[in-house]
Amino acid sequence: LTIPCEMCIRDRVPVVRILALVGMVMPFCVIQGEVLVALGRAGRVFRIQTVSQALRVAVTVVPAAIGIEAVALGLAAVALVQAALILGALRAATGVRLRVLAGATLSSVAITAAAAAGPLAVALLDPESRLGAVPDLALGGGLSAIGWVWALVATRHPLAGELRDLLAGARRPYPLRASRQ
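In what follows, the accompanying structure is described. The structure displayed is predicted, hence computed values, not measured ones. (Residues numbered from 1 in each chain as written. Predicted model: local features only at pLDDT ≥ 70, side-chain atom pairs only at ≥ 80, totals over all residues. Heavy atoms only, no water.)

**Here's the deal with the overall build of the protein chain**
What counts is decided by this rule: Starting at the N terminus, helices and strands are each numbered in turn, a helix being any DSSP run of H or I of at least four residues and a strand any DSSP run of E of at least two. Only protein chains enter the accessibility calculation, which uses a 1.4 Å probe; a residue whose area is less than 20% of its type maximum is buried, one above 50% is exposed, and one in between is partly exposed. Working rule for contacts: check all heavy atoms of both residues, and any pair within 4.5 Å makes them a contact. Here the open area of atoms and residues is found with the Shrake-Rupley method and a 1.4 Å probe, where only the protein chains shown may cover a residue.
A count of helical and extended segments in the protein chain gives six helices and zero strands. Counting helices and strands in the order they occur from the N terminus, the protein chain gives α-α-α-α-α-α. Counting over 181 residues, the protein chain shows a buried share of 25%. Across the protein chain, contacts joining residues at least 24 apart in sequence account for 68% of those joining residues at least 6 apart. Put simply, the protein chain shows about 13100 Å² of open surface, and 69% of that area lies on carbon and sulfur atoms.

Written as structure tokens, this is what we have:
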């Protein structure tokens, strides 16, 4: 029995989309979990991870009879539950509210979008890579760097000051030290 390739790809697209959304939530859970561990809340993180893992097993085994999309949707639901539990634990440990956390990340989201715009433009304008892989990579990378620096300055991100200090230090001539013999 052979299955046409385009049919395989078409059937997997919803699953990939669902899992890609899950993939956007999971780094948040990992990073915030590490913050909680650093704050001495390792037991709380362990309990959250244990509950999440049990839920993952349940939403993998039970919906498997329905289909792969059901499993992916179940994993997405578990990721959201885990994120809510982690955020609640973080709020209890630090007093940080979701609104404050979201506001603090908006400039980083803008910076990421600006950095991604250059490579995306190259991919859209030269989808067949007529210029060649190396020129496309160099152009996309250069545009990404320009977008990143511009967005750092435009959003007044704390890294903009670090970048200014770095560039100022690079322009200053360093005195040569006489070697001691």
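**Overview of a nonpolar patch on the surface**
Short version of the rule: The residues that make up patches have over 30% relative accessible area and no salt bridge, and they are joined within 9 Å when like-charged or within 5 Å when they are Val, Leu, Ile, Met, Phe, Trp or Tyr. We define a salt bridge as a side-chain nitrogen of Lys or Arg found within 4 Å of a carboxyl oxygen belonging to Asp or Glu.
A grouping of Val 51, Leu 55, Val 81 and Leu 85 is seen on the molecular surface, where their side chains present a nonpolar patch of about 270 Å² in accessible area. For the nonpolar patch, the secondary structure elements donating two or more residues are α2 (42-61) and α3 (68-94). Inspection of the secondary structure puts Leu 85 in helix α3. Leu 85 gets classed as partly exposed once you look at its relative accessible area, which sits at 33%.

**Describing the layout of surface pockets**
We apply this condition: Buried and open spaces are told apart on a 1 Å grid over the protein atoms alone, a cavity being a set of points where a 1.4 Å probe fits but cannot get out and a pocket being an open set with protein on both sides within 12 Å along at least five of seven lines. Residues with an atom within 4 Å of a point are the lining residues. Grid points are joined across faces, edges and corners, and a volume is the space filled by probe spheres set on the points. Residues are grouped as follows: Ala, Val, Leu, Ile, Met, Phe, Trp, Tyr, Cys and Pro are nonpolar; Asp, Glu, Lys and Arg are charged; all remaining types, including Gly, are polar.
Estimated volume of the largest pocket: approximately 470 Å³. Mapped by element, the contributors of at least two residues to the lining of the largest pocket are α1 (5-38), α3 and α4 (98-125). Looking at which element gives the most residues to the lining of the largest pocket, the answer is α4, with seven residues. Split into classes, the residues belonging to the lining of the largest pocket amount to eleven nonpolar, four polar and no charged.

**Let's talk about the pattern of salt bridges**
Inspection of every chain in the model, using the stated rule, returns one salt bridge. Arg 130 is paired through a salt bridge with Glu 128; the nearest N and O atoms lie 3.6 Å apart. With respect to class, Arg 130 is no different from Glu 128; both count as exposed.

**Brief notes about the nonpolar core**
Inclusion rule: Throughout this description, the term nonpolar core refers to a set of buried Ala, Val, Leu, Ile, Met, Phe, Trp, Tyr and Cys residues connected via side-chain atoms within 4.5 Å.
Counting nine residues, the largest nonpolar core is built from Val 15, Ile 18, Val 22, Val 25, Cys 29, Ala 72, Ala 76, Ala 79 and Ala 83. If you list the elements that add at least two residues to this core, you get α1 and α3. Here this core takes five residues from α1, the largest share from any one element. Sequence-distant contacts of Ala 72, defined by excluding residues within four places in its chain, comprise Val 15, Ile 18 and Leu 19.

**Points about the side chain of Asp 126**
As a reminder, the rule being used: Note on charges: Lys and Arg go in the positive column, Asp and Glu in the negative column, and His and the chain ends are not counted at all. For this analysis, a polar contact is any N or O atom pair within 3.5 Å, provided that within protein one partner can donate a hydrogen and the other can accept it, and provided that sequence-adjacent residues contribute only side-chain to side-chain pairs.
The topology assignment puts Asp 126 in the loop between α4 and α5 (133-154). No salt bridge forms around the buried Asp 126; measuring N to O, its nearest opposite-charge neighbour Arg 130 is 4.3 Å away. Among the polar contacts listed, one links the side chain of Asp 126 to the backbone nitrogen of Arg 130, at a separation of 2.7 Å. Of the polar contacts made by the side chain of Asp 126, one reaches the backbone nitrogen of Leu 131; its length is 3.2 Å. Dropping the residues within four chain positions of it, Asp 126 is found in contact with Leu 131 and Asp 136.

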